[in-house]
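Structural description and commentary
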Amino acid sequence: MQEKELLQKHLDGAYKRHQEESEIQQLQNLQTFRHYREVFEEQKVALEQRYRGLLELSIQDAVFLSTRNNELMQEIQALKQTNAELRDKLTVAGERPVSG
């Protein structure tokens, strides 16, 4: 009967060590996962900030290009008007305007 008690004691000790090792392993896994999640969140925030910055720059560029396009269209209209006025003056003066 003593041998059976000794074996039971060894078995209980092995079970207890196994439980402790399992808990330690689980805690290490949770710590690793928490660290991974923190790094992931930091990278996600950094990427979001980067893309928001790029979006802001893109919008600014689009607004600038639209404004510049309107300015150039107005310049073209003014040049066409000036060209037409000069052609009219040449026609009134009896000269033949150069085509183009």
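Please refer to the structure higher up on the page.
Described in the following lines is the structure provided in the data block. (Residues numbered from 1 in each chain as written. Predicted model: local features only at pLDDT ≥ 70, side-chain atom pairs only at ≥ 80, totals over all residues. Heavy atoms only, no water.)

Description of the overall build of the protein chain
Counted only if it meets this: Counting from the N terminus, the helices are the DSSP runs of H or I reaching at least four residues and the strands are the DSSP runs of E reaching at least two. Radius of gyration: over C-alpha atoms. The globule rule applied is 2.2 Å multiplied by the number of residues raised to the 0.38 power. Buried residues are those whose accessible area, probed at 1.4 Å on protein chains only, stays under 20% of the maximum for their type, while exposed residues exceed 50% and partly exposed ones sit between those limits. Throughout, the Shrake-Rupley method with a 1.4 Å probe supplies accessible areas, and for residues the shown protein chains are the sole cover considered. Positive: Lys, Arg. Negative: Asp, Glu. His and the chain ends are not part of the count. Lysine's charge is taken at NZ, arginine's at CZ, aspartate's at CG and glutamate's at CD.
For the protein chain, the helix and strand inventory stands at one helix and zero strands. Relative to the compact-globule value of 13 Å for 100 residues, the protein chain shows a C-alpha radius of gyration of 41 Å, a clear excess of over 25%. Projected onto its principal axes, the C-alpha coordinates of the protein chain cover approximately 135 × 20 × 10 Å. Here the protein chain holds 100 residues, and the buried ones make up 0% of them. Carbon and sulfur atoms form 57% of the exposed surface of the protein chain, whose accessible area is close to 9,900 Å². In the protein chain, 14 side chains carry a positive charge and 17 a negative one; their mean positions are 4 Å apart.

Concerning the environment of Ile76
When you line up the elements, Ile76 lands in helix H1 (residues 2-92). Accessibility expressed as a relative area gives 40% for Ile76, which makes it partly exposed. Considering only alpha carbons, one finds Ile76 and Gln60, 16 residues apart in sequence, at a separation of 24 Å.

Quick notes on the pattern of salt bridges
For side chains bearing opposite charge, pairing can occur when the charged atoms are close. Note the following rule: For this document, the term salt bridge refers to a Lys or Arg side-chain nitrogen within 4 Å of an Asp or Glu carboxyl oxygen.
With the rule as written, the count across this model stands at three salt bridges. The residue Arg52 makes a salt bridge to Glu48 at a minimum N-O spacing of 3.1 Å. One end of the pair is Arg52 and the other is Glu48, both in helix H1 and four residues apart, which spans about a single turn. Classification of Glu48 as partly exposed rests on a relative accessible area of 40%. Here Arg68 makes a salt bridge to Glu71, at a shortest N to O gap of 3.2 Å. One end of the pair, Arg68, and the other, Glu71, are both in helix H1, three residues apart, so they sit about a helical turn from each other. Judged by its relative accessible area of 37%, Glu71 is partly exposed.

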